[in-house]
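Spelled out, the chains give:
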Amino acid sequence: MMGLSFRDKNILGPMVRVGTLPMRLLALDYGADIVYSEELVDIKMLQCKRVVNDVLHTVDYVSPTERVIFQTCERERHSVVFQMGTADAERALTVAKLIQNDIAAIDINMGCPKEYSTKGGMGAALLLCPEKIEMILSTLVKGISKPITCKIRILPSLTETISLVKLIEKTGVAAIAVHGRSKNERPQHPVHCDVIKAISQAVSIPVIANGGSQEFIRQFQDISAFRSVTSASSVMLARAAMWNPSVFRPEGMLPVETVIRDYIAYAVQYDNHYTNTKYCLCQMLRDQLESPLGKRLHAAQSTLEICEVFEMSDFYESCRVAQKAKKADLQSVGLVAALENDDAEDRNIISLPIRFDKRNYMSQITPKMLLLEWCRKRKLPQPVYHTVQRPVDKFFQSVVKVDEMQYASTLWDKSKKLAEQSAAIVCLHTLGLTEIKMNESDFAQKRKRKLQCQEDEGTRSLKEEHNKKLHQNGSEHRPLIQDATTFANQSGTHN
Ligand SMILES: Cc1cc2nc3c(=O)[nH]c(=O)nc-3n(C[C@H](O)[C@H](O)[C@H](O)COP(=O)(O)O)c2cc1C
């Protein structure tokens, strides 16, 4: 089977609530080779929509209630194993097809002893249905191009366990993870290393030994000791990594305070739900939960409040500002698209991601002026600017109409003036006019027009003053000016 290999690997085990994106990325940073997602049930996944999140650079599987059920990103694409809860081969295949391009492998959970899993025939309930196991695994192996694995618990007798793993091996799975406890044994019961060892010797596919946290594995060096004692190909850590994911660091564990800050950085970056972040941090704080710090964490009701507890509010703010800016840029593309979709006349629109930078222009010669002069010389109507303001951040975007075509920047600007300049640049670029210059006579003409405008403006003020006085004196309404004089073009001055 091409793709991810499960030999000689240190693996983050699947953990509900804990195994979300921040924890998986952190485990990879610290040295884990493979990271399993938390178990996600097939029926829930079937309702999800795959959404590419361009702001966070993630792929999100979003439920009808807009909750992100599974979030992943490029960084983990070749290392993440998606763990599925299922009792039905066809359903499992449908989900597997939906997600296969975003993940490295798919695992079927056959070890969860919890009632919510077993009563639906999933998790450890599957261990009693070998035909179903065979059907699910072989359907996935045949139907999916990524490696398939499964995670089991041991059965009451070694003979049963061995015949089960042999049946599993025949389905063509890439590896088998073994939690060395039976369905009724709890985490505090000793792990059966001897049974894992017997399984490792009975099959030729990689066996991933699991169940050694607390009893065996407290630091990095213990991982290889657990591998040796179980003769397994690889080791999977759950609780040891939940308490401190830097257990994967060959250089040694980091203090939990450092790990917490690293975790929060990912949680903020990927907009992790604060309840999930809080849950994971509480697992890391463990015996410090009753400390003043632990109490403050407990009281936090948002990601910002969590950041405040760990003095990371500045990081939170800068991350959010960057995300907002990114969102604004992306929304701007959306607005231009909306303009493009307007009525037929408006479809003549050309858009480019250009922003006005006044350092690129001589002090008095702006893109708007260049465009206006160009239109005048060709006896074209003056450019007409149409500007909109976006409510979310009050930024502006402008469209300029020149000779029956429209030009707009896909980027948003801080002011109406800047937005108009950006639109003008798009037009100049499109028409190949980036090199045009204004000569002396153009300037002379411009100065003349400006003077004329100032005079008009002065006259208008005088007339308005006059009208006002007439009005105050109770005279009949006989204003000298009916409307305000318009000048230049409809969009205002060409500054
Ligand atoms: C919080 C938590 C959540 C878990 N969720 C899952 C799960 O979603 N799927 C699964 O197969 N096992 C799950 N497990 C079991 C672990 O993957 C693992 O089999 C068990 O903890 C023994 O390994 P350890 O000694 O390294 O902790 C979970 C364990 C914990 C502590």
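The chain goes by Dihydrouridine synthase 2 in an unreviewed UniProt entry, where it is assigned to Xenopus tropicalis. You can read under Cofactor (unreviewed entry) in the UniProt record for the chain the words "FMN".

With that settled, the discussion passes to the overall build of the chain. From N to C terminus, the chain includes 17 helices and 16 strands. The buried share of the chain, reckoned over its 495 residues, is 38%. Contacts in the chain between residues far apart in sequence, at least 24 positions, make up 66% of those at least 6 positions apart.

Another aspect to go through is the site of the ligand. The environment of the ligand is made up of 23 residues, and the closest members are Met15, Glu39, Ser213, Ala238 and Arg239. For the shell around the ligand, the element with the highest residue contribution is helix H9 (residues 239-243), accounting for three residues. Taken together, the residues of the shell around the ligand break down into ten nonpolar, nine polar and four charged.

This next bit is on the pairing of strand E11 (residues 207-210). Burial of the side chains of E11 extends over both faces: Val207 and Ala209 are buried on one face and Ile208 and Asn210 on the other. With four bridges connecting them, strand E10 (residues 175-182) and E11 associate as parallel partners. Across the sheet, Val178 pairs through a bridge with Ala209, a residue of E11. For the crossover from E10 across helix H7 (residues 193-202) to E11, the handedness is right-handed. Of the strand pairs in this sheet, E11 and strand E12 (residues 234-237) are connected by three bridges, and their pairing is parallel.

A few words now on the nonpolar core. If you look at the biggest cluster of nonpolar residues, it comprises 95 residues, and the most contacted ones within it are Ile176, Val178 and Ile208. Here Val178 is in contact with Ile152, Ile154, Ile196, Ile199, Val207, Ile208, Ala209 and Asn210, once residues within four sequence places are set aside. Membership of the second largest hydrophobic core comes to 23 residues, among which are Phe395, Leu418, Ile425 and Leu428.

Another point: the sheet that holds strand E16 (residues 405-409). Taken in spatial order, the four strands make up an open sheet running E13-E16-E15-E14, and their pairing is mixed. With one partner strand each, in any of the chains shown, strand E13 (349-352) and strand E14 (384-389) form the two edges of the open sheet. When strand polarity is set aside, the average angle formed by the axes of neighbouring strands in this sheet is 20°. Across four bridges, the pairing between strand E15 (residues 396-402) and E16 is antiparallel. Across the sheet, Val402 pairs through a bridge with Met405, a residue of E16.

For the rest of this paragraph, the subject is the sheet that holds strand E6 (residues 68-72). Judged by pairing direction, the sheet is antiparallel, and its three strands sit side by side in the order E4-E5-E6 without closing on themselves. Here the strands that pair on one side only, and so sit at the sheet edges, are strand E4 (49-53) and E6. Direction aside, neighbouring strands of the sheet carry axes that sit 25° apart on average. Relative to E6, strand E5 (residues 58-62) runs antiparallel, the two sharing four bridges. Within E6, the position partnered with Val62 by the bridge is Val68.

Another aspect to go through is helix H5 (residues 130-143). With 14 residues, H5 ought to run about 20 Å at 1.5 Å a step, and its terminal C-alpha atoms sit 20 Å apart, in line with that. Taken together, the buried positions of H5 are occupied by Ile133, Ile136, Leu137 and Leu140. Buried positions in H5, seen along its axis, are confined to an arc of 85° and lie on one side of it. Facing away from the buried side of H5 by more than 90 degrees, the exposed set consists of Glu131 and Lys142.

Before going further, it helps to spend a moment on unusual backbone geometry. Backbone phi values are negative for most residues with the exception of glycine, while trans is the configuration of most peptide bonds. For Asp8, which is not glycine, the phi dihedral falls at a positive 60°. Mapped onto the fold, Asp8 is located in the segment before strand E1 (10-12). Asp8 sits in the partly exposed class, given 13 other C-beta atoms within 10 Å. Backbone geometry at His57 places phi at a positive 60°, although glycine is not the residue there. Summarising the element assignment, His57 is placed in the loop between E4 and E5.

Here we come to the environment of Val309. Counting through the fold element by element, Val309 comes out in helix H13 (residues 303-309). With 21 C-beta atoms counted inside 10 Å, the residue Val309 sits in the buried group. Measuring from C-alpha to C-alpha, the distance between Val309 and Gly294 comes to 9.0 Å, with 15 residues separating the pair along the chain. For Val309, the residues in contact, after removing those within four places along its chain, are Leu293, Arg296, Leu297 and Ala300.

Overall, the predicted model of the chain reaches an average pLDDT of 87, with 83% of residues at or above 70. Every residue in residues 342-346 scores below 50 in pLDDT, and together they form two contacts with partners more than four places removed in sequence or on other chains. Confidence over residues 473-495 falls short of pLDDT 50; this stretch has 30 contacts with residues more than four positions distant or in other chains.

Now for the packing of helix H1 (residues 21-30) against helix H10 (residues 256-269). Two elements in contact, H1 and H10, have axes separated by 9 Å at closest approach and are oriented at 130°. The pairing of H1 with H10 is recorded here as oblique in orientation. Crossing geometry of H1 relative to H10 is assigned as right-handed. Judged by residue contacts, Pro22, Leu25 and Leu26 of H1 engage Asp262, Tyr263, Tyr266 and Ala267 from H10. Residues of the contact of H1 with H10, tallied by class, amount to six nonpolar, no polar and one charged.

Here is what the cut-offs are and how they apply
- Residues numbered from 1 in each chain as written.
- Predicted model: local features only at pLDDT ≥ 70, side-chain atom pairs only at ≥ 80, totals over all residues.
- UniProt positions renumbered as here; feature names shortened; annotations may be inferred.
- Helix = DSSP H or I, 4+ residues; strand = E, 2+ residues; numbered from the N terminus.
- Buried ≥ 20, exposed ≤ 12 C-beta atoms within 10 Å, placed from the backbone.
- Contact = placed C-beta atoms within 7 Å.
- Near = placed C-beta within 6 Å.
- Nonpolar A, V, L, I, M, F, W, Y, C, P; charged D, E, K, R; others polar.
- Pairing = 2+ DSSP bridges.
- Right-handed = clockwise from strand over helix to strand, strands pointing away.
- Core = buried A, V, L, I, M, F, W, Y, C linked by C-beta atoms within 7 Å.
- Axes fitted to C-alpha atoms, helices over the stretch in contact; angles between N-to-C directions.
- Expected span 1.5 Å × (residues − 1).
- Arc of directions from axis to C-beta.
- pLDDT = per-residue confidence, 0-100.
- Parallel < 35°, antiparallel > 145°, perpendicular 65-115°, else oblique.
- Left-handed = near helix turned anticlockwise from the far one by under 90°.

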